[in-house]
Amino acid sequence: MKNYTLLRFSFYIGLTSILVGAMLKLSHIQHAKPFLVIGILLSIVYLTMSLREIWTSIRVNKEEKIIWTIAFILMNILTGLIYFMFGSKRVVAGEVYYD
């Protein structure tokens, strides 16, 4: 599986799982915990892969790498969405990753 495909998969499924788990938890329906656990684990996978992508990029300066890192730690889901929609294309533009 290519890195970008795994990054997209972990973002989409993780976000969906967290939202479903939160809705089930707020509705006091049983079995919300597995959705939340899966969502959190996939968010951690997305976080580590995104930060690795940012810190290995040659197109981003050190200050911007630090800002992305702090934002990912403090606001994981919002920053993940912004990075996925806008930042990823600029960070890895023209770079080739091999598995």
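Structure first, text after, so check above.
Residues numbered from 1 in each chain as written. Predicted model: local features only at pLDDT ≥ 70, side-chain atom pairs only at ≥ 80, totals over all residues. Heavy atoms only, no water.

A few points about the overall build of the protein
When its secondary structure is counted, the protein shows four helices and zero strands. Listing the helices and strands of the protein from first to last along the sequence gives α-α-α-α. Residues classed as buried in the protein amount to 35% of the 99 residues present. A sequence separation of at least 24 residues applies to 58% of the contacts in the protein between residues at least 6 apart. Summing over all exposed atoms, the protein offers an accessible surface of approximately 6800 Å²; the carbon and sulfur share of this is 73%. (Helix = DSSP H or I, 4+ residues; strand = E, 2+ residues; numbered from the N terminus. Buried < 20%, exposed > 50% of the residue type's maximum accessible area, 1.4 Å probe, protein only. Contact = heavy atoms within 4.5 Å. Areas by Shrake-Rupley, 256 points an atom, 1.4 Å probe, with all protein chains shown as cover.)

What to know about the side chain of serine 43
Mapped onto the secondary structure, serine 43 falls in helix α2 (residues 33-55). Owing to a relative accessible area of 12%, serine 43 belongs among the buried residues under this scheme. If we skip the residues at most four places from it in the chain, serine 43 touches Ile18 and Asn76.

Describing helix α3 (residues 62-74)
Helix length check: α3, at 13 residues, gives a terminal C-alpha distance of 19 Å against a target of 18 Å (1.5 Å per residue), a fit within 8%. Taken together, the buried positions of α3 are occupied by Lys65, Trp68, Thr69, Ala71 and Phe72. All buried residues of α3 project into a common sector of 165° when viewed along the axis, lining one side. Along α3, exposed side chains directed more than 90 degrees from the buried face belong to Glu63, Ile67, Ile73 and Leu74. (Expected span 1.5 Å × (residues − 1). Arc of directions from axis to C-beta.)

What to know about the packing of aromatic side chains
Within this structure, the stated rule accounts for four aromatic pairs. Chaining the aromatic ring pairs together yields one cluster made of Phe11, Tyr12, Tyr46, Trp68 and Phe72. (Phe/Tyr/Trp six-rings, centres within 6.5 Å; stacked < 30°, edge-to-face > 60°.)

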